[in-house]
Amino acid sequence: MLRPPELPQSSSPQTAALPPSVFFFGLSGAGKSYCGELLARRLGYECYELDQHLTLEMQAAIREKRSFTDEMRDEYFAILKDVIVKRVESGARIIFLQAAYKERHRTFLKTAVPTLEFVCVSAPAAVIEQRLVARGDWVGPEYAATIAKNFEPALDARELVNDGAPDDELVARFVGLFRGR
């Protein structure tokens, strides 16, 4: 069967060690969506944006440029757990995208889905600001700075630096995170 040239065979040495399900998290503007979509095209993953499950209360907070409360986050991550469990159990090769600012929520998901690999997508502050300005959506630089104060660094996640490197380099960096795992 012919495959698109940018998509390697799933049994190739490049992809053999890659996990079937990955959770990308990090600050707004770090490039979670960009990297997830790139890796989906190049490595045969499905890219799943978890923000589509934001509660109405969270959507209102975003419109009003307010931070989420702990209660909002707890409710949301209970929903996400169920969504992620179903998608992982379906056998899909998938990259989930969600900022997941709190370590306790990442731990909650790790406990629920032990096979889920976590990758913090990061970028230099100046690059993040430039992306947020260029994007021009609901998360501008000022709101991003406000909510960034809530971000808790990952205790044990891998890190994918998305600093504007060429796509081939980003793919190689991702693959390198799982070499020898």
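Right, let's walk through the structure included here. Keep in mind that this is a model prediction, so the values were computed, not measured.

1. So, unusual backbone geometry
Here is step 1: A positive phi angle is found at Lys65, which is not glycine, with a value near 60 degrees.
Here is step 2: If you trace the backbone, Lys65 turns up in the loop between helix H3 (56–63) and helix H4 (70–89).
Here is step 3: For Ala100, which is not glycine, the phi torsion reads 45 degrees and is therefore positive.
Here is step 4: Mapping Ala100 onto the fold places it in the loop between strand E3 (94–97) and helix H5 (103–112).

2. Brief notes about the pattern of salt bridges
Here is step 1: This model, assessed by the stated rule, comprises 14 salt bridges.
Here is step 2: Ionic pairing is found between Arg42 and Asp168, a salt bridge with its closest N-O pair at 2.6 Å. Here the residue Arg42 occupies a position in helix H2 (residues 32–43), and Asp168 occupies one in helix H8 (residues 167–177), the gap between them amounting to 126 residues.
Here is step 3: A single network of salt bridges, built from pairs that share partners, joins Asp70, Arg73, Asp74 and Arg104.

3. Section: the environment of Met58
Here is step 1: With respect to the element layout, Met58 can be found in helix H3.
Here is step 2: The buried category is assigned to Met58, whose relative accessible area is 1%.
Here is step 3: A sequence separation of ten residues divides Met58 from Phe68, and the C-alpha atoms of the two residues are 6.6 Å apart.
Here is step 4: In contact with Met58, not counting residues within four places along its chain, are Phe68, Met72 and Tyr76.

Rules used in this analysis
- Along every chain, residues carry numbers that run from 1 in the direction the sequence is written.
- Confidence filtering applies because this is a predicted model: local features only for residues at pLDDT of at least 70, side-chain atom pairs given and counted only at 80 or more, and all residues used for totals across whole chains, interfaces and linings.
- Computation of side-chain values: all heavy atoms of the structure, hydrogens and water removed.
- Runs of H or I in DSSP of at least four residues are treated as helices and runs of E of at least two as strands, each being numbered from the N terminus.
- Whenever Lys or Arg places a side-chain nitrogen within 4 Å of a carboxyl oxygen from Asp or Glu, that contact is recorded as a salt bridge.
- Accessibility here uses a 1.4 Å probe with only protein chains present; expressed as a share of the type maximum, an area under 20% marks a residue as buried, one over 50% as exposed, and anything in between as partly exposed.
- Contacts are assigned to residue pairs that have any heavy atoms within 4.5 Å of one another.

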